[in-house]
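# Structural overview
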2 protein chains.
Amino acid sequence: MQRWKCVISYDGTGFAGYQVQQDQRTVQEEIEKVLKAMHKGEAVRIHGSGRTDASVHAEGQVIHFDSPLNIPPERWPTALNAKLPPDIVVKHAEKVEPNFHSRFDVVSKEYRYHILRTPQRNVFQRHYAYYYPLPLDLPAMQKAAGHLVGTHDFTAFCSARSEVEDKVRTIYELEIVEEADKLVLRFVGNGFLYNMVRILTGTLLEVGRGKIKPDELPSILEQRDRSRSGDTAPGHGLYLWQVNYNN
Amino acid sequence: MQRWKCVISYDGTGFAGYQVQQDQRTVQEEIEKVLKAMHKGEAVRIHGSGRTDASVHAEGQVIHFDSPLNIPPERWPTALNAKLPPDIVVKHAEKVEPNFHSRFDVVSKEYRYHILRTPQRNVFQRHYAYYYPLPLDLPAMQKAAGHLVGTHDFTAFCSARSEVEDKVRTIYELEIVEEADKLVLRFVGNGFLYNMVRILTGTLLEVGRGKIKPDELPSILEQRDRSRSGDTAPGHGLYLWQVNYNN
């Protein structure tokens, strides 16, 4: 038995999310179906670094699984990609120690949120960026972002549906950069709560619109009050960009 | 009655093509449906600069139509876009003379063909570029492209289903440029025959693979022999990029 770590990418548009759900098309189920076929009908369970929601994309999600098949690392992507649907691709595979775990061993994660700023909507971007053409105060958003970096209790920026107890997380980087027609928000942290990146994005957009002042952020964090933070930005602008491990 | 010229863009993925076809979803039908609703149930016929096939995209298709409605030019896109499906957008509208015709008055057209060159397929590009990872001899392709520029009988590069008699066309520009992960083929000409850009692309790819020598192009053109030119490249890599008129 060998444990394998794979980096995968998927277009979230056609999925109810990463994690298996009854009667829904999910990324996990599509991959497990292919692995099962490769293992003569034997079920192979995959473990992801975390879930992503419906319509959320992945540029670099990480999964692991165990297999008795003697396939060299460079052949795994080809073998899996030949059977996977066109909206999932395995980018890389490598052998890992039997105690490696794609979720528990995460050191940091990067998410990106893409906001489209063109005067008119773009038909080719409709599933891949949140179309938000209103004027935005970028320096105000950057100032607010500065208040979010660091170790905080992010209860105010987390869905009420979250089931974790400890809501303290560390954001290492929160960059807001203009890239051609887009505003890209880059979040790097040791972990993110349920809907946290989307609520942070929605809040930063309200800062950009002048509805929340940058200097209100410390008190919103402190009061842990979800009603003072912004709306949850839509899923289709969000990308799980990269998952980092030691080594 | 005022004649209007509009520049439109559409994602060809969900369409059987531009032109109305029984029981198929088409760009023309979707736009005419919206115009009919805006004109209290009165049918408004639109005229495009030309058809595009199933899965072919448009960055700048041009249409015209006549309307008695007194809507200022800058309001037409907003009014139409509010009712159009998310895969069609009106980018621009302007008043034109009553004798303007989107097809007959075309001076030149630009098509672009996008070829994706990444080591692995990209889930986000699967409908928007032709994935072709094999090595290509770019200088050979560029040399072949040089033979295609100018006025020629393009019978060898035209679908047998073409119904036009005169197959002489002029290509003003044929550029092949590397843009990030893509190879972009840019075709500017006074007109293009049915499937001509896709067959030219397929032929240039065979030149890139060494199956056709660049200097065979003049004799392929001269012999008007479709069997010597390349395969028809898939529709989803093709964009009607711009249509040019006098003024």
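Residues numbered from 1 in each chain as written. Chains lettered and ligands numbered in written order. Predicted model: local features only at pLDDT ≥ 70, side-chain atom pairs only at ≥ 80, totals over all residues. Heavy atoms only, no water.

Moving on, we get to the interface of chain A and chain B. The figure often quoted for interface size is the accessible area lost as the parts come together. Opposite the 23 residues of chain A that make contact, chain B presents 23 residues. Summed over both partners, the interface of chain A with chain B buries about 1,800 Å², with 53% contributed by carbon and sulfur atoms. Counting across the interface, chain A meets chain B through two salt bridges. Counting the contacts that link chain A with chain B gives 10 residue pairs in polar contact (both at pLDDT 80 or more). Looking at the side of chain A that touches chain B, the elements that each hand over two or more residues are β1 (2–10), β3 (57–67), α2 (75–83) and β4 (88–96) of chain A. Of all the elements, β4 of chain A adds the most residues to the side of chain A that touches chain B, at four residues. Considered class by class, the residues forming the side of chain A that touches chain B number 13 nonpolar, four polar and six charged. (Contact = heavy atoms within 4.5 Å. Buried area = accessible area lost by both parts, 1.4 Å probe. Salt bridge = Lys/Arg side-chain N within 4 Å of Asp/Glu carboxyl O. Polar contact = N/O pair within 3.5 Å; in protein donor to acceptor, adjacent residues only side chain to side chain. Helix = DSSP H or I, 4+ residues; strand = E, 2+ residues; numbered from the N terminus. Nonpolar A, V, L, I, M, F, W, Y, C, P; charged D, E, K, R; others polar.)

This next bit is on the UniProt feature "domain: Pseudouridine synthase I TruA alpha/beta" (unreviewed entry) in chain A. All names here are of chain A. Mapped onto the present numbering, the UniProt feature "domain: Pseudouridine synthase I TruA alpha/beta" (unreviewed entry) falls on residues 8–105 and 144–246. The span residues 8–105 shows a helical share of 21% and a strand share of 26%, and its end C-alpha atoms are spaced 17 Å apart. Regarding residues 144–246, the helix share stands at 24% and the strand share at 30%, and the terminal C-alpha atoms are separated by 30 Å. (UniProt positions renumbered as here; feature names shortened; annotations may be inferred.)

Looking now at the relation of the copies chain A and chain B. In the superposition of chain A on chain B (RMSD 0.0 Å, axial shift 0.0 Å), the rotation amounts to 180°. Expressed as a symmetry operation, the mapping of one chain copy onto the other fits a two-fold axis. For chain A, the residue whose C-alpha comes nearest the rotation axis is F124 of chain A, separated from it by 5.1 Å. A share of 100% of the interface residues of chain A reappears at the interface of chain B, consistent with the copies meeting face to face through the same patch. (Least-squares fit on C-alpha atoms with pLDDT ≥ 70 in both.)

Residues and elements named next belong to chain A. Mapped onto this numbering, the UniProt entry gives "binding site: substrate" (unreviewed entry) at Y111. Topologically, Y111 is positioned in strand β5 (residues 108–116). A relative accessible area of 10% places Y111 in the buried class. The residues contacting Y111, other than those within four sequence positions of it, are R51, L185, R186, F187, F192, V197, L238, Y239, L240 and W241. (Buried < 20%, exposed > 50% of the residue type's maximum accessible area, 1.4 Å probe, protein only.)

Summed over the entire model, instances satisfying the criterion amount to 32 salt bridges over all chains. A salt bridge links D87 of chain A to R25 of chain A; the shortest N-O distance between them is 2.8 Å. Residue D87 of chain A is located in the loop between α2 and β4, and its partner R25 of chain A is located in the loop between β1 and α1 (27–38); the two are separated by 62 residues in the primary sequence. Between R45 of chain B and E32 of chain B there is a salt bridge whose closest N-O contact spans 3.2 Å. One end of the pair, R45 of chain B, is in the loop between α1 (27–38) and β2 (47–48); the other, E32 of chain B, is in helix α1, with 13 residues separating them in the sequence. Residue R45 of chain B is classed as exposed on the basis of its relative accessible area, which comes to 53%.

A few words on unusual backbone geometry. All names here are of chain A. Despite not being glycine, S55 shows a phi value in the positive range, around 75°. With respect to the helices, strands and loops of the structure, S55 is situated in the loop between β2 (47–48) and β3. The class for S55 is partly exposed, based on a relative accessible area of 22%. Unlike most non-glycine residues, N195 shows phi in positive territory, near 70°. Tracing the backbone through its elements, the reader meets N195 in the loop between β9 (182–189) and α4 (196–208). Residue N195 is classed as buried on the basis of its relative accessible area of 16%.

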